[in-house]
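# Understanding the architecture of this molecule
As a plain string of letters, each chain reads:
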Amino acid sequence: QVQFVESGGGLVQAGESLTLSCTASGRTGTTYALGWFRQAPGKERDFVAGISWSGDRTYYADDVKGRFSITRENGRNTVYLHMASLKPEDTAVYYCVAKAFSPPGQWGRSSIDYWGQGTQVTVSP
């Protein structure tokens, strides 16, 4: 099992920035890719960003490219989501995720092995 401690969510105004962090613990001997999904009220849980175990490959959903950046700190098993130019439509619960066995570029919900509890991000107009 992998457990997550997520932090950094909150209320911001449109145009502002916010950084989420997530530290994984447990089966950390496995080389997990880490990432983030989000779920807005009444909508499906969607992929936001992902990063490979080594940190040399990153993946983004089209609607966050150029605004969000994902990084990781392997010594602490921590992943960060740096969000800039936030929009009201970015309002959602953000979930930290880990995957180990699916192909590197595959980030569908079914490829995720572990999910965090989620942290709320609210962007006011």
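Since we're looking at a predicted model, the values are computed, not measured.

Applying the stated criterion across every chain yields a total of five aromatic pairs. Seen in terms of ring centroids, Phe37 and Phe47 are 5.8 Å apart; in terms of plane orientation they differ by 70°. Their pairing is edge-to-face. Remark: Phe47 occurs in strand S5 (residues 45-51) and Phe37 occurs in strand S4 (residues 33-39); sequence separation between them is 10 residues. Given a relative accessible area of 1%, Phe37 falls into the buried group. Relative to Trp107, the ring of Tyr59 lies with its centre 6.3 Å away and its plane at 45°, an arrangement referred to as tilted. With Tyr59 in strand S6 (residues 58-60) and Trp107 in the loop between strand S9 (92-99) and strand S10 (114-115), this pair connects stretches of sequence that are 48 residues apart. Accessibility expressed as a relative area gives 7% for Trp107, which makes it buried. If you follow Arg45 out to its NZ or CZ, it ends over the ring of Tyr95, 3.7 Å from the centre. A cation over a ring is seen here: Arg45 above Trp115, with NZ or CZ 5.0 Å from the ring centre.

Turning to the nonpolar core, a few remarks are in order. Counting 29 residues, the largest nonpolar core has Phe4, Trp36, Leu81, Met83 and Tyr94 as its most contacted members. At the level of secondary structure, the elements contributing two or more residues to this core comprise strand S1 (2-7), strand S3 (18-26), S4, S5, strand S7 (68-73), strand S8 (78-83), S9 and strand S11 (119-124). For Leu81, the contacting residues outside a window of four places in its chain are Leu18, Thr19, Leu20, Trp36, Val48, Ala49, Phe68, Ser69, Ile70 and Tyr94. Counting five residues, the second-largest nonpolar core is a separate cluster that includes Phe37, Val97, Trp107 and Ile112.

Here the focus is the side chain of Lys99. Secondary-structure assignment places Lys99 in strand S9. In this structure Lys99 is buried but unpaired, with Asp113 as the nearest side chain of opposite charge at 7.2 Å. Reaching out from Lys99, the side chain makes a polar contact with the side chain of Ser102 at a distance of 2.9 Å.

This part takes up the environment of Met83. Checked against the element boundaries, Met83 lands in strand S8. When its relative accessible area of 1% is taken as the criterion, Met83 is described as buried. Sequence separation between Met83 and Arg38 is 45 residues; the distance between their C-alpha atoms is 13 Å. With sequence-adjacent residues up to four places away left out, Met83 is seen in contact with Glu16, Ser17, Leu18, Leu20, Arg67, Phe68, Tyr94 and Val121.

Attention now goes to the side chain of Thr91. Following the sequence through the fold, Thr91 ends up in the loop between S8 and S9. At 2.9 Å, the side chain of Thr91 and the backbone oxygen of Pro88 are in polar contact. Within the structure, Thr91 has its side chain in polar contact with the backbone nitrogen of Val123 (distance 2.9 Å). Dropping the residues within four chain positions of it, Thr91 is found in contact with Ala40, Gln120, Val121, Thr122 and Val123.

Bringing the pattern of salt bridges into the picture now. Inspection of the entire model under this criterion finds seven salt bridges. Linking Asp90 and Arg38 is a salt bridge whose minimum nitrogen-to-oxygen distance equals 2.9 Å. Linking Asp90 in the loop between S8 and S9 with Arg38 in strand S4, this pair joins segments that are 52 residues apart in sequence. Arg38 matches Asp90 in its accessibility class, with the two residues each being buried. A salt bridge links Glu44 to Arg109, with the shortest nitrogen-to-oxygen separation between them at 3.6 Å.

Rules of the game
- Residues numbered from 1 in each chain as written.
- Predicted model: local features only at pLDDT ≥ 70, side-chain atom pairs only at ≥ 80, totals over all residues.
- Heavy atoms only, no water.
- Phe/Tyr/Trp six-rings, centres within 6.5 Å; stacked < 30°, edge-to-face > 60°.
- Helix = DSSP H or I, 4+ residues; strand = E, 2+ residues; numbered from the N terminus.
- Buried < 20%, exposed > 50% of the residue type's maximum accessible area, 1.4 Å probe, protein only.
- Lys NZ or Arg CZ within 6 Å of the ring centre and 35° of its normal.
- Core = buried A, V, L, I, M, F, W, Y, C linked by side-chain atoms within 4.5 Å.
- Contact = heavy atoms within 4.5 Å.
- Lys, Arg positive; Asp, Glu negative; His and termini not counted.
- Salt bridge = Lys/Arg side-chain N within 4 Å of Asp/Glu carboxyl O.
- Polar contact = N/O pair within 3.5 Å; in protein donor to acceptor, adjacent residues only side chain to side chain.

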